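This is what each chain is made of:
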Amino acid sequence: MYLDLGKTLKKIAGVIKTIGMIVGVIYAIFLFASYDGDTALLGWCILLLAPIVSWLAGMSVYYLGEFIDRVTGIELNTRTAAGDSIDHFRIKQLDILVESELITPEEYKQALSIAGCKEDERLK
């Protein structure tokens, strides 16, 4: 989840948009069911505004994820141009995650094996 934050935020954006639209429509239907003039007007406002607000909130989170993806890409390209290998950068990220106890040592070993590195070959 933390290794690909941009992609995770993009998925969350879709969930925010969908849930917001569904909840807004359901709430508007409940307001229509009350048969009161004031609540019916409020129901129409919610029916019109909830999808727009949900879409805007989802797009905001989506573009935050896109921004993070692009900044990460720029960082990787800069590090590669500066002489650091991408594997070295990934291993540093994994070390930070283990030190902060966000992943277990078993997950660390699994991530190293997926990257094609052995634990004793890792860079210091």
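Residues numbered from 1 in each chain as written. Predicted model: local features only at pLDDT ≥ 70, side-chain atom pairs only at ≥ 80, totals over all residues. Heavy atoms only, no water.

(A) View of the overall build of the protein. Check the secondary structure of the protein and you find four helices and zero strands. Taken from N to C terminus, the helices and strands of the protein fall in the order α-α-α-α. The buried share among the 124 residues of the protein stands at 21%. Long-range pairs, those at least 24 residues apart, make up 53% of the contacts in the protein between residues at least 6 apart in sequence. (Helix = DSSP H or I, 4+ residues; strand = E, 2+ residues; numbered from the N terminus. Buried < 20%, exposed > 50% of the residue type's maximum accessible area, 1.4 Å probe, protein only. Contact = heavy atoms within 4.5 Å.)

(B) Spotlight on the environment of Met21. Along the polypeptide, Met21 turns up in helix α1 (residues 5–33). For the pair Met21 and Ile46, spaced 25 residues apart in sequence, the C-alpha to C-alpha distance is 10.0 Å. Those residues in contact with Met21 that sit more than four places away from it in its chain are Pro51, Ser54 and Trp55.

(C) Structural context of the nonpolar core. Core analysis: the biggest nonpolar cluster contains seven residues, these being Ile91, Leu94, Leu97, Ile103, Tyr108, Ala111 and Leu112. At the level of secondary structure, the elements contributing two or more residues to this core comprise α3 (86–99) and α4 (105–115). (Core = buried A, V, L, I, M, F, W, Y, C linked by side-chain atoms within 4.5 Å.)

(D) Spotlight on the pattern of salt bridges. One pass over the full model with this rule turns up three salt bridges. In this structure, Lys10 engages Asp69 in a salt bridge whose closest nitrogen and oxygen atoms are separated by 3.0 Å. Here Lys10, found in helix α1, pairs with Asp69, found in helix α2 (residues 37–81); they are 59 residues apart in sequence, far enough to count as distant. Classification of Asp69 as partly exposed rests on a relative accessible area of 25%. Through salt bridges with shared partners, a single network forms among Lys10, Glu66, Asp69 and Arg70. (Salt bridge = Lys/Arg side-chain N within 4 Å of Asp/Glu carboxyl O.)

(E) Spotlight on a nonpolar patch on the surface. Residues Leu48, Leu49, Ile52, Val53, Trp55 and Leu56 make up a contiguous nonpolar surface patch of roughly 610 Å² in combined accessible area. Relative to the elements of secondary structure, Trp55 occurs in helix α2. (Patch = residues over 30% accessible without salt bridge, like charges linked within 9 Å, V, L, I, M, F, W, Y side chains within 5 Å. Areas by Shrake-Rupley, 256 points an atom, 1.4 Å probe, with all protein chains shown as cover.)

(F) Examining α1 more closely. Counted at 1.5 Å a residue, the expected span for α1 with its 29 residues is 42 Å, and the 42 Å between its end C-alpha atoms agrees. Buried within α1 are the following residues: Gly6, Thr8, Leu9, Ala13, Gly24, Ala28 and Leu31. Positive phi appears at Tyr35, one or two residues downstream of α1, with a value of about 55 degrees. (Expected span 1.5 Å × (residues − 1).)

(G) Representation of the confidence of the model for the protein. On average, residues of the protein score 82 in pLDDT, and 82% of them are at 70 or above. The secondary-structure element of the protein with the lowest mean pLDDT is α3, recorded at 76, while α1 shows the highest, at 92. (pLDDT = per-residue confidence, 0-100.)

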